[in-house]
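The residues making up each chain are set out below.
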Amino acid sequence: MNISVIGSGHVGLVTGACFADLGHQVLMVDHDRKKIAALKASKMPFYEPGLEELVHRGVEEDRLRFTTSTAEGVRHGTIIFLCVGTPARPNGEADLTAVEEVVRDVAQAVREYRLIVEKSTVPVQTGEWIARICRGSVRRGVACDVASNPEFLREGQGLQDFLHPDRIVLGVESKRAKELLLALYKPLNAPAVVTDVKSAELIKHASNSFLAMKISFINSVAQICERVGADVMQVAEGMGLDRRIGRAFLDAGVGYGGYWFSKDRGAVLRIAEKLGIDFQLLKATARVNAEQRQRLVKRVEEALWNLNRKTIAVLGISFKPDTDDLRDAPSIDIIRSLRQEGAVIRAFDPQAMAQAKALLPGVTFCKSAYEAVRGADCLILMTEWNEFKELEFARIKKLMRQPLVVDGRNLYQPKTLQQLGFRYIGVGRGEPWDQR
Ligand code: UDX
């Protein structure tokens, strides 16, 4: 099938490259000439495991092409996926300027049946606006459908999540659109939920909001564990075996980061407010998440007595492993707070160092975890990269000035480090913390 994908960000590029790998003829459209030129040379605009190889294969086998022309995209693809950015406005509302501009360009170029599919996360009722523009701009007598097909891709696991989804959500308003999209996704053998467009738009926002809330819930339980000396990992395991709860997204730590959770939460809050609904659970979710970062700073300060002129090694800066993305990463707030108290920061991240240097002037960036811990009074495990899982702690102890580990992602076993002579502070586990 001929498919066009407009927007080559995290969602668009994964979507296009995966559809090409499934055998479709994909044309990627982006107005950023530099990005298109780089993609033609198989140079990726961001790190995503496996994506570079997939794009390279698609380009080599002539199934994946790139253009800056929206009209060319409309000519090529019977199905046109909208994957343009929907950034948050200052009040949290999704900025749909790019969506409207692209839809107008697409609608004016349509000469035969086209299915326009919202893939970017958009507020409910966006589909209605797109259909209105199409009705007003598409040449008379030419049929054009609008559908919602939200993505649930996680950064760092984008290819996996696209090719092995839990479900495909298809918000459609016509039989033709439904049949086209069911045929397109058939090779993935995933359960398909066919709804109206508005319900599909809401499924995405509600899912992301719920996931963020689940994380803040377990982080609140972790605060109780810290007071009473319980282990939140054991609590999460016991909770997660209840199939109504599920173990995923019950990992306590410094809290969630990333572009999507905070953006989607803000968008849902604004949608609710505009509808006269006070979504209190979502407000509390963000409050707990922000607090989690400052609690870690407080914990380090209490463990070191004074932060001023203390050297702190931070392992991991990206908001999660297997990505170079620093958007809303907990590390940024935490490092800035520690530096405000006079701490000297040494940091290492396997992928995100280039971006981090621009965001964190004054931090010493090291080439390895072992270099980062040299002379440190405290090691903070911020992001649970695989390569931090099996560090040689006997060697680390010799390199550090004080054997203190603050495990921001509960990556390590307290007893293992304590037996090596470390003081272990986790999130909801390890040393109790009654900060009343
Ligand atoms: C999220 C949604 O998972 C995905 O479905 C949606 O399409 C985009 O937003 P992403 O932001 O890439 O994906 O990462 P995710 O794996 O969800 O993690 C988000 C944040 O939550 C990370 O900072 C991660 O460290 C944190 N997290 C995740 C926790 O703190 N605890 C958990 O148990 C899980």
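Structure shown above.
Structure report, in brief. All chains use their own residue numbering, which begins from 1 and follows the written sequence. Only residues with pLDDT of 70 or above have their local features reported here, since the model is predicted, and side-chain atom pairs are shown and tallied only from 80 upward, although totals for entire chains, interfaces and linings are computed over all residues. Neither water nor hydrogens contribute to the side-chain values; these are computed over all heavy atoms in the structure.

### Details of helix α12 (residues 280-304)
An α-helical turn contains 3.6 residues, so any two residues separated by three or four positions project in the same direction. Only DSSP runs of H or I with at least four residues qualify as helices, and only runs of E with at least two residues qualify as strands; both kinds are numbered from the N terminus onward. Multiply 1.5 Å by the residue count of a helix minus one, and that product is the helix's expected span. With 25 residues, α12 should cover 36 Å at 1.5 Å per step; its first-to-last C-alpha distance of 36 Å lies within 8% of that length. In the stretch just after α12, Trp 305 is the one whose phi turns positive, near 75°.

### Quick word on the site of the ligand
Definition of nearness: a residue and a molecule or strand are near each other if at least one heavy atom of the residue lies within 4 Å of the molecule or strand. Around the ligand sit 19 residues, and of these Leu 153, Glu 155, Lys 204, Gly 257 and Phe 319 come closest. What qualifies as a polar contact is a pair of N or O atoms within 3.5 Å, subject to a donor-acceptor requirement within protein and to the restriction that residues adjacent in sequence count only when both atoms come from side chains. Within the backbone of Asp 251, an N or O atom sits 2.9 Å from an oxygen atom of the ligand. Here an oxygen atom of the ligand and a backbone polar atom of Phe 319 are 2.9 Å apart. Alone, the ligand offers 660 Å² of accessible surface; in the complex the protein occludes 93% of this. Looking at the shell around the ligand, the elements that each hand over two or more residues are α9 (197-228) and α11 (259-274). It is α9 that contributes the most residues to the shell around the ligand, 3 residues altogether. Of the residues that constitute the shell around the ligand, the class distribution is 9 nonpolar, 3 polar and 7 charged. In this description, accessible areas are obtained by the Shrake-Rupley approach with a 1.4 Å probe, and a residue is regarded as covered only by the protein chains that are shown. Three categories are distinguished: nonpolar for Ala, Val, Leu, Ile, Met, Phe, Trp, Tyr, Cys and Pro, charged for Asp, Glu, Lys and Arg, and polar for the others, with Gly belonging to the last.

### What to know about the nonpolar core
Among the buried residues, those of types Ala, Val, Leu, Ile, Met, Phe, Trp, Tyr and Cys that are joined through side-chain atoms within 4.5 Å form a nonpolar core. A simple rule labels every residue: compare its accessible area, found with a 1.4 Å probe on the protein chains alone, to the largest value its type can have, and call it buried under 20%, exposed over 50%, or partly exposed in between. Ile 312 and Leu 338 are the most contacted members of the largest nonpolar core, which has 54 residues in total. By residue number, the principal contributor to this core is α12, which donates 5 residues. A contact between two residues is defined here by any heavy atoms of the two lying within 4.5 Å. For Leu 338, the contacting residues outside a window of four places in its chain are Val 297, Val 300, Leu 307, Ile 312, Ala 343, Ile 345 and Ile 380. By size, the runner-up hydrophobic cluster in this structure holds 41 residues, among which are Ile 3, Val 55, Leu 170 and Tyr 259.

### Quick look at helix α13 (residues 330-340)
Among all positions of α13, only Pro 330, Ser 331, Ile 332, Ile 334, Ile 335, Ser 337 and Leu 338 are buried. Those residues of α13 hidden inside the fold are in contact with α12, β9 (311-315), β10 (344-348), α14 (353-359) and β12 (378-381). Directly beyond the C-terminal end of α13, a positive phi value near 95° is found at Gly 342.

### Brief notes about the packing of α11 against α12
Axis definition: a line fit to C-alpha positions, over the contact stretch in the case of helices; interaxial angles, taken between N-to-C directions, run 0 to 180 degrees. Orientation of α11 relative to α12, taken along the N-to-C sense of each, is 150°, at an axis distance of 10 Å. With respect to each other, α11 and α12 are oriented roughly antiparallel. Judged by the twist between their axes, the crossing of α11 over α12 is left-handed. Counting all contacts with α11, which are made through Arg 265, Val 268 and Leu 269, the residues of α12 involved are Leu 282, Lys 283 and Ala 286. Between 65 and 115 degrees an angle is taken as roughly perpendicular, under 35 as roughly parallel, over 145 as roughly antiparallel, and anywhere else as oblique. The hand of a helix crossing depends on one turn: near helix anticlockwise from the far one by less than a right angle means left-handed, and clockwise means right-handed.

Everything listed is a geometric property; what it means functionally is a separate question.
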